[in-house]
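Here's the letter readout for the chains.
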Amino acid sequence: MRVGDGQAGLRVISVTSGKGGVGKTSVVANLALALTRMGNRVLILDADLGLGNVDVLLGLNPRYTIQHVFSGEKKLQEIIINVPAGFHLLPAASGIQELTDLSQSQRMFLLDEFDALQKFFDILLIDTGAGISSNVMYFNFAAMEKVVVITNEPASLTDAYAVIKILSKKYKQKKFMVLVNAAKTKSEANGIYKHLCLVVDRFLGSLSLDYLGWIPYDEHVPKAVRQQQPVVDLYPLSKASKGFMEVAERLMARQENLDFEGDIKFFWQRLLSH
Ligand SMILES: Nc1ncnc2c1ncn2[C@@H]1O[C@H](COP(=O)(O)OP(=O)(O)O)[C@@H](O)[C@H]1O
Ligand SMILES: [Mg+2]
């Protein structure tokens, strides 16, 4: 069974990290494509205020962003970009600050608009940006599934720990998925994951950290970035592409055990009424 058959709700998955530059945006763009290939209708929400956003990575040039929705110039559906690879992008980065700082009537309007989107997509993937700013936290809080991306750099681990700590203590979130990016070998990736588990276990108590797998370090990734295309599209046989396909399969396999807390309306309500 596929998500979107009417049997299950829309999955809202945030992709986050403590430290920037660990490959979050690459993960979002390539998982979007891998999940599309598996028959899902995928929408990316670019909620990262930083540089190197999804649109840049994919060679897109959005004319409108969510700011035009706030100002009433555009409807939400009108700003969504059809990416040639088959998925969709909602450019939100430049309006993120406003998104968490809206009047009651703006909120109601947006909730209705977002609600109307629900029937068009199976998976909403959010590039949250890095760090522990309140915007990043809100998106992770609101998403039903959270993927924390880590690498072998010590700062990536300590910063991921800081994100998990705040989400668990302040926002009462107990379940996370962990994706190791740019590891040299499978056993190195396992080691990095275990290290994070150990630290979390020791200092934060019993949280659930599911291992979503790993993406190998692969020069094809920056090469594809320079050509502004997902590596899965450009170099489908590369190690990284195979990794992305496997991770997408693991994400889909998890779906059967999901306990849907609500639908996309729940997500936006949570986000907009923090
Ligand atoms: N698996 C990988 N192997 C090699 N380089 C990678 C890999 N993943 C990401 N990169 C490179 O790391 C840089 C940062 O990636 P990016 O996705 O922009 O990170 P973030 O969104 O976390 O800041 C990019 O130049 C990208 O090409
Ligand atoms: Mg990024």
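Placed above this text is the structure.
Computed from a predicted structure; not experimentally measured.

## Concerning the overall build of the protein
A count of helices and strands for the protein gives 13 helices and eight strands. Dimensions of the protein, computed from the C-alpha atoms along their principal axes, are close to 50 × 40 × 40 Å. Counting every position in the protein, which comprises 274 residues, the buried fraction comes to 45%. In the protein, the proportion of contacts linking residues at least 24 apart, taken out of those at least 6 apart, comes to 77%.

## Focus: the environment of Tyr64
Looking at the element boundaries, Tyr64 is found in the loop between helix H2 (54–57) and helix H3 (66–70). The class of Tyr64 is partly exposed, set by 14 C-beta atoms lying within 10 Å. Taking the C-alpha atoms as reference, Tyr64 lies 35 Å from Ser168; in sequence the two are 104 residues apart.

## Examining the pairing of strand S8 (residues 208–216)
Relative to S8, strand S7 (residues 175–183) runs parallel, the two sharing eight bridges. Opposite Lys175, over in S8, you have Ser208 as the bridge partner. Note on the crossover from S7 through helix H9 (residues 186–204) to S8: the handedness is right-handed.

## Describing the sheet that holds S7
Backbone hydrogen bonds hold the strands of a sheet together, and the pairing may be parallel or antiparallel. Taken together, the eight strands give an open sheet; going across it, the order is S3-S4-S2-S5-S1-S6-S7-S8, and neighbouring strands pair in mixed fashion. With one partner strand each, in any of the chains shown, strand S3 (81–82) and S8 form the two edges of the open sheet. The strands touched by helix H7 (residues 134–142) within the sheet are strand S1 (11–17), strand S5 (123–130) and strand S6 (145–150), with S5 carrying the most contacts at an inclination of about 155 degrees. Those strands touched by helix H12 (residues 239–254) are S7 and S8, and its axis lies near 155 degrees from that of S8.

## A short note on the nonpolar core
One recurring pattern in soluble globular proteins: nonpolar side chains tend to sit buried together. One finds Leu31, Ala32, Ile44, Leu125 and Val178 to be the most contacted residues of the largest nonpolar core, which totals 82 residues. The greatest single-element share of this core, amounting to eight residues, is contributed by helix H1 (residues 24–37).

## Considering the pairing of S7
Here S7 lies mainly inside the structure; eight of its nine residues are buried. In this sheet, S7 lies alongside S6 in parallel orientation, the contact comprising four bridges. If you follow Ile150 over to S7, its bridge partner there is Val180. Handedness of the crossover joining S6 and S7 through helix H8 (residues 154–169) is recorded here as right-handed.

## So, the site of ligand 1
Near ligand 1 you find 18 residues, and of these Gly23, Lys24, Thr25, Ser26 and Pro222 are the closest. Secondary-structure elements contributing two or more residues to the shell around ligand 1 are H1, S7 and helix H10 (220–226). By residue class, the composition of the shell around ligand 1 is eight nonpolar, eight polar and two charged.

## Concerning the packing of H1 against H12
Remark: H1 packs on H12, axes separated minimally by 9 Å, with the N-to-C direction vectors making an angle of 65 degrees. Read as a crossing pair, H1 and H12 show a hand that is right-handed. Contacts from Asn30, Leu31, Ala34 and Leu35 in H1 reach Phe244, Met245, Val247 and Ala248 in H12. Per-class residue counts for the contact of H1 with H12 are seven nonpolar, one polar and no charged.

## Structural notes on H12
The terminal C-alpha atoms of H12 lie 23 Å apart, and with 16 residues this matches the ideal 22 Å at 1.5 Å per residue to within 8%. Of all the residues in H12, the buried ones are Ala240, Ser241, Gly243, Phe244, Val247, Ala248 and Leu251. Buried residues in H12, looked at end-on, bunch into an arc of 155 degrees, giving them a common side. Among the structural elements, H1, S7, S8, H10 and helix H11 (231–234) are those in contact with the buried residues of H12.

## Here we look at unusual backbone geometry
Even without glycine at this site, Lys172 takes up a positive phi of about 60 degrees. Relative to the elements of secondary structure, Lys172 occurs in the loop between H8 and S7. Accessibility expressed as a C-beta count within 10 Å gives 8 for Lys172, which makes it exposed. Non-glycine residue Gln228 carries a positive phi angle of around 55 degrees. Mapped onto the elements of the fold, Gln228 is located in the loop between H10 and H11.

## Regarding the packing of H8 against H9
In helix packing, the relevant descriptors are the interaxial angle and the interaxial distance, both defined with respect to the helix axes. Look at H8 against H9: their axes get within 11 Å of each other, and the N-to-C directions meet at 40 degrees. As judged from the angle between their axes, H8 and H9 are oblique. As H8 packs across H9, the resulting crossing turns out to be right-handed. Across the interface between the two elements, Leu157, Ala160, Tyr161, Ile164, Lys165 and Ser168 from H8 touch His195, Leu196, Val199, Val200 and Leu204 from H9. In terms of residue class, the contact of H8 with H9 is made up of eight nonpolar, two polar and one charged.

Each value, and the rule that gives it
- Residues numbered from 1 in each chain as written.
- Chains lettered and ligands numbered in written order.
- Predicted model: local features only at pLDDT ≥ 70, side-chain atom pairs only at ≥ 80, totals over all residues.
- Helix = DSSP H or I, 4+ residues; strand = E, 2+ residues; numbered from the N terminus.
- Buried ≥ 20, exposed ≤ 12 C-beta atoms within 10 Å, placed from the backbone.
- Contact = placed C-beta atoms within 7 Å.
- Pairing = 2+ DSSP bridges.
- Right-handed = clockwise from strand over helix to strand, strands pointing away.
- Axes fitted to C-alpha atoms, helices over the stretch in contact; angles between N-to-C directions.
- Core = buried A, V, L, I, M, F, W, Y, C linked by C-beta atoms within 7 Å.
- Near = placed C-beta within 6 Å.
- Nonpolar A, V, L, I, M, F, W, Y, C, P; charged D, E, K, R; others polar.
- Left-handed = near helix turned anticlockwise from the far one by under 90°.
- Expected span 1.5 Å × (residues − 1).
- Arc of directions from axis to C-beta.
- Parallel < 35°, antiparallel > 145°, perpendicular 65-115°, else oblique.

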